[in-house]
Amino acid sequence: MALKSEIRGDVLVIRAEQARIDAAGAISFKEAMRDVAAVPAPRVILDLSQVTFLDSSGLGAVVAVMKHLAPARRLELAGLTPTVEKVFRLTRMDSVFTIHPSLDQGLGHAGG
Amino acid sequence: MPADDGRAARPAGVCYSMDGRADAVRDGLHRMFDAPPLSGLSATARGTAEIVLAEVLNNIVEHAYGDAGGTIRLCLALHDGGLLCRTEDRGMPMPQGRLPPGIPPDPALTAEGGYGWHLIRMLARNLGYSRVAGVNCITFLLPLDG
């Protein structure tokens, strides 16, 4: 599972570099996220702008990562593409996550 | 439509077979979205189709076949203002012989699963299920307007 991470100020930015987070890749995504998120930083933003498809297994994996980081850190999301946004909206999980239109807007955001 | 119009009753379409494994479903989706009729859909209809087809197929992988494995057949045809889809598998029957209700998830519970049938029911129409001679058959219509 291709994840690229960097520290930008007080934010750990994790970019998903694959097109899909689906049933075939959800477990490896979850494991890879736990590894890269071990870097201490008050905020974590997952940049999903390269992910064009996410299914319910992928959604479950993102939720699992959020719970893994809680309560000390909150997982924020950025750059949802249309089909990914639809899955978050229809399951109402868009009400659980802080979702930024883009990574830049997320970085400019005060957090939380 | 006239009852004697065989083509309308069973529209011409395309069928795919794939192994009942998550990686084979991913490959199968890739193949079918590169060919008609799925390749011709609008971006929105395509996204909707991919969500529903992925959820239905992966549900078969996880719950009908589980570790046992088997083959999934999927047929697609443009029909009656939508995309008519039909899956067949020889796995376990649906619990109580019917499709799951797809109860809307409560976001506050932050569950790590249980979203699949809710998504299917939000996006697909005319859902049907039958089991005849050990074959599960799920049919549904996907809207082409998104």
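Note: the structure precedes this text.
In this report, we go over the structure that sits alongside the text.

How each quantity is defined
In this numbering scheme, every chain counts its residues from 1 along its sequence in written order. Chain letters and ligand numbers both follow the written order, the letters beginning at A and the numbers at 1. In view of the model being predicted, local features appear only for residues whose pLDDT reaches at least 70, and side-chain atom pairs are presented and counted only at 80 or more, with totals across whole chains, interfaces and linings using the full set of residues. Should DSSP find at least two bridges between two strands, the strands are taken to pair. A run of H or I in DSSP becomes a helix once it reaches four residues, and a run of E becomes a strand once it reaches two; helices and strands are each numbered from the N terminus. Axis angles are defined between N-to-C directions and span 0 to 180 degrees, where every axis is a line fitted to C-alpha atoms and, for a helix, only to the segment in contact. With C-beta atoms placed from the backbone, a contact is any residue pair whose C-beta atoms sit within 7 Å. Any residue with 12 or fewer other C-beta atoms within 10 Å of its own C-beta is exposed, any with 20 or more is buried, and the rest are partly exposed; the C-beta atoms used are placed from the backbone. As a working rule, the residues Ala, Val, Leu, Ile, Met, Phe, Trp, Tyr, Cys and Pro are called nonpolar, Asp, Glu, Lys and Arg charged, and the rest polar, with Gly in that last group.

This part covers the sheet that holds strand 1 (residues 14–19) of chain B. Residues and elements named next belong to chain B. Spatially, 1-2-3-5-4 is the arrangement adopted by the five strands of the open sheet, whose pairing is antiparallel. Looking at which strands have only one partner, the edges of the open sheet turn out to be strand 1 and strand 4 (125–132). Across the sheet, the mean angle separating the axes of adjacent strands is 15° when strand polarity is ignored. Against the sheet, helix 3 (residues 43–65) touches strand 2 (71–79), strand 3 (82–89) and strand 5 (135–143), its axis set at about 10° to strand 3.

Turning our eyes to something else, we now look at the environment of Asp80 of chain B. Residues and elements named next belong to chain B. With respect to the helices, strands and loops of the structure, Asp80 is situated in the loop between strand 2 and strand 3. Given 12 C-beta atoms within a 10 Å radius, Asp80 is considered exposed. Once the C-alpha coordinates of Asp80 and Leu141 are considered, the two residues, 61 residues apart in sequence, prove to be 8.9 Å apart.

With 20 residues of chain B at the interface, the matching set in chain A holds 23 residues. Looking at the side of chain B that touches chain A, the elements that each hand over two or more residues are helix 2 (22–33), helix 3 and helix 4 (116–123) of chain B. When residues in the side of chain B that touches chain A are grouped by element, the largest group, six residues, is from helix 3 of chain B. Looking at the side of chain B that touches chain A residue by residue, the class counts come to nine nonpolar, six polar and five charged.

By themselves, these observations are geometric and do not establish any function.
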